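In case you want the letters, here they are:
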Amino acid sequence: QVQLVESGGGWVQAGGSLRLSCAASGRTFSNYAMGWLRQAPGKEREFVAAISRSGGSTYYADSVKGRFTISRDNAKNTVYLQMNSLKPEDTAVYYCAATRIYRRDQYDYWGQGTQVTVSS
């Protein structure tokens, strides 16, 4: 079992930045690929970014490429999502997720989510 706790969400004006963090516990963090997904009101959950177990490979949705950066610190059991140039359409609940084998939209463990609100 892996427990995931997100933090760092909040309110920001368009063009601003936020950094989300996700602290993991329970199993060996470096055994898991990590992802960030989001769900806006009335919409389905969508993939945002993912990172391999070692951190050597990263993946992004086209909508965030060039603006968001995913990273991890295996010594701190934490994955991050740096979000720059935020847009109102980035408003959503952001979820951290873990999987033993990377699959873009399929994860075994989920955090509770953190709200990100971007005002125009």
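Above this text you will find the structure in question.
In this text, all values refer to a predicted model and were calculated from it rather than measured experimentally.

**Q** What's the story with the state of the cysteines in this structure? I'm lost.
**A** The bond known as a disulfide is covalent and runs between the sulfur atoms of two cysteines. Within this structure, the stated rule accounts for one disulfide. Paired through a disulfide, Cys-22 and Cys-96 show a sulfur-sulfur distance of 2.1 Å. Taking the torsion about the S-S bond as the criterion, the Cys-22 to Cys-96 disulfide, at about -75°, is left-handed. Here Cys-96 lies in strand 9 (residues 92-99) and Cys-22 lies in strand 3 (residues 18-25), a separation of 74 residues in the sequence.

**Q** What is the right way to look at the packing of aromatic side chains in this model?
**A** Aromatic ring pairs are described here by two measures, namely the spacing of the ring centres and the angle between the planes. Within the structure shown, the criterion is met by four aromatic pairs. An angle of 75° between the planes, with centres 6.1 Å apart, marks the rings of Tyr-32 and Tyr-109 as edge-to-face. Of this pair, Tyr-32 sits in the loop between strand 3 and strand 4 (33-39) while Tyr-109 is found in strand 10 (residues 109-110), placing the two residues 77 residues apart along the sequence. A single burial state applies to Tyr-32 and to Tyr-109, both of which are buried. Here the aromatic cluster, defined as three or more aromatic residues joined through ring pairs, consists of Tyr-95, Tyr-107 and Trp-110. Against the face of Trp-110 rests Arg-45, its NZ or CZ located 3.9 Å from the ring centre. When the ring centre of Phe-29 is taken as reference, the NZ or CZ atom of Arg-72 above it lies at 4.3 Å.

**Q** Mind showing me how you'd approach unusual backbone geometry here?
**A** Glycine aside, residues mostly have negative phi, and peptide bonds are mostly found in the trans state. In this model, Asn-77 sits at a positive phi of 55°, which is unusual for a non-glycine residue. Positive phi values are uncommon outside glycine, yet Ser-85 reaches one of about 50°. In this structure, Ser-85 sits in the loop between strand 8 (78-83) and strand 9. Ser-85 gets classed as partly exposed once you look at its relative accessible area, which sits at 41%.

What counts as what
- Residues numbered from 1 in each chain as written.
- Predicted model: local features only at pLDDT ≥ 70, side-chain atom pairs only at ≥ 80, totals over all residues.
- Heavy atoms only, no water.
- Disulfide = S-S within 2.5 Å.
- Helix = DSSP H or I, 4+ residues; strand = E, 2+ residues; numbered from the N terminus.
- Phe/Tyr/Trp six-rings, centres within 6.5 Å; stacked < 30°, edge-to-face > 60°.
- Buried < 20%, exposed > 50% of the residue type's maximum accessible area, 1.4 Å probe, protein only.
- Lys NZ or Arg CZ within 6 Å of the ring centre and 35° of its normal.

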